[in-house]
Amino acid sequence: PKDTIFRYLASKANYEEENIPNYDLPNPLIMKNGSTINTLKQWNQKRRPELLRLFETEMFGKAPKHPKDMHFKILTEDKNALGGIATRKEVSVYLTKSDKHYFTVLIYIPNKRSGAVPLFFGLNFKGNHTISLDPGISYPTPEKQKEFLWKRLPPRGIAAARWPIEMLMENGYALATIYRGDIDPDFDDAFKNGVHPLFYKKGQHHPANDEWGTIAAWAWAMSCAMNYFETDKDINTSQVAVFGHSRHGKAALWAGATDQRFAMIISNCSGCGGAALSRRAIGETIQAINQQFPHWFCRNFRKYNSKENTLPFDQHELIALLAPRPVYIASATEDQWADPKGEFLSGVHATPVYEFIFGAKGLDAKEMPPSDTPLQDGSIAYHIRSGRHDITQYDWKQYVKFADKWFRK
Ligand code: GTR
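Criteria and thresholds
Residues numbered from 1 in each chain as written. Predicted model: local features only at pLDDT ≥ 70, side-chain atom pairs only at ≥ 80, totals over all residues. Heavy atoms only, no water. Disulfide = S-S within 2.5 Å. Buried < 20%, exposed > 50% of the residue type's maximum accessible area, 1.4 Å probe, protein only. Phe/Tyr/Trp six-rings, centres within 6.5 Å; stacked < 30°, edge-to-face > 60°. Helix = DSSP H or I, 4+ residues; strand = E, 2+ residues; numbered from the N terminus. Core = buried A, V, L, I, M, F, W, Y, C linked by side-chain atoms within 4.5 Å. Contact = heavy atoms within 4.5 Å. Near = heavy atom within 4 Å. Polar contact = N/O pair within 3.5 Å; in protein donor to acceptor, adjacent residues only side chain to side chain. Areas by Shrake-Rupley, 256 points an atom, 1.4 Å probe, with all protein chains shown as cover.

Trainee: Provide a residue-level description of the state of the cysteines, including the pertinent values.
Mentor: One pass over the structure, following the stated rule, counts 0 disulfides. Cysteine C269 is unpaired, with the sulfur of C272 as its nearest cysteine sulfur at 14 Å. Take C269: its relative accessible area is 1%, and that puts it in the buried class. Of all cysteine sulfurs, the one in C272 lies closest to C298, which takes part in no disulfide; the gap is 14 Å. When its relative accessible area of 2% is taken as the criterion, C298 is described as buried.

Trainee: If you had to explain the packing of aromatic side chains to someone new, which residues and values would you point to?
Mentor: What the rule picks out here adds up to 29 aromatic pairs. Ring centres of F120 and W396 lie 5.6 Å apart, and the angle between their planes is 80°; this geometry places the pair in the edge-to-face category. Remark: W396 occurs in helix α10 (residues 393-407) and F120 occurs in strand β4 (residues 117-124); sequence separation between them is 276 residues. Judged by its relative accessible area of 1%, F120 is buried. We classify W396 as buried; its relative accessible area is 0%. Between Y328 and Y399, the ring centres sit 5.0 Å apart and the planes meet at 80°, which makes this aromatic pair edge-to-face. Pair noted here: Y328 is in strand β8 (residues 327-332) and Y399 is in helix α10, with a separation of 71 residues, a long-range link.

Trainee: Now, about the nonpolar core: what can you tell me, with residues and values included?
Mentor: F103, F121 and F229 are the most contacted members of the largest nonpolar core, which totals 85 residues. If you tally residues by element for this core, the top one is helix α5 (residues 214-229), at 13 residues. Aside from chain neighbours lying at most four places away, what touches F103 is V91, S92, V93, L95, K144, I178, D182, I183, A221, C224 and A225. One finds F120, I131, Y399 and F402 within the second-largest nonpolar core, a separate group that totals 29 residues.

Trainee: Any chance you could break down the site of the ligand for me, citing the residues and the numbers?
Mentor: The immediate surroundings of the ligand are formed by S246, R247, K250, E284, I289, Q292, F293, W296, W337 and H389. At 2.5 Å from an oxygen atom of the ligand is found a side-chain nitrogen or oxygen belonging to R247. The contact in question runs from an oxygen atom of the ligand to an N or O atom on the side chain of E284, over 2.6 Å. Computed on the free molecule, the ligand has an accessible area of 320 Å², of which 87% lies beneath the protein chains in the complex. Taken together, the elements giving at least two residues each to the shell around the ligand come down to α6 (247-258) and α7 (286-292).

None of the figures reported here should be taken as evidence of function without further support.
Structural data, given as structure tokens:
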């Protein structure tokens, strides 16, 4: 049935530039009340908080503060993983005083290192044990498997093609990941499972209209995990790149916006609700995304179904919230559902904030580059890879190159 909704929505969608409605993008440097932002101080004290609040209350939903009883435990550690090239750790992040509510972070650290290393950190779709054939990765516990409502256990290593662990180790990067279902399952369960119920007020059974959906919960958990990384002396926490493919790309962008400890943000095919401009209403639209994934955003976001022009922001301003940190936006030629051009334009229209406020080069282009021609000169990088909606070796090669540029100067 899920597939049926998608096919229905995809068949109804507009894919033609000439059918895009007329729109004016909000100017990231103009406040809601019309006043202009000229200085770093005005940006930091006025406009950034205003935009953040708007995205929070109208789109992703407000998440709670980090739990005060949050604590960590290293569950397993193997200094001789992957034939000796890496140290593998599994760390639980407990959200309450007891050891009952937790999610597990899987971490690989290159053994060839001197001192703390930079980290790539992102969510996975099918379970930590699916990112590699490494037999040392624990399967989720039977209780967890029950919680995840898996019909069957996804096979070990099934997603390995998307996770070039050896390549990252060779290049001196650590890698960390969390199974997103370990935070909040990716289906509409009226927020009965996952982290939401842990934070309900007395008598509350559902997040309020402006409170966190599933994507905000994923981003929040990544921010919680960052607190663990700060205790891990092998990880350079001033060099953490938060990344994500597709729905996890949306989560990575929101994590970067809400937690400025993330030093780099990578959006791979994040599409609607991610890097793509909503007002273009091409491919996946707000209405389509809210229909297919009613749990991703807060309820307020539904006000904008087929009313993109009434949004008090657009997605270029989500990119602007990341400034002045380096951001990589990537698309794929066959991924029209995600609107590659809208992803590119977000970078273009976030650029004034990078330039005028921070004196940094943003995305230095007006026209989309040809496929497989990365633009990596500025703080906002962009490429459109030939091929389908995916994260590939090609994409990873670019991300490492970009990270080298910023983290190894
Ligand atoms: C699609 C969804 C997209 C994107 C994608 C994914 O079905 O419409 O917004 O997030 O899933 O996560 O692969």
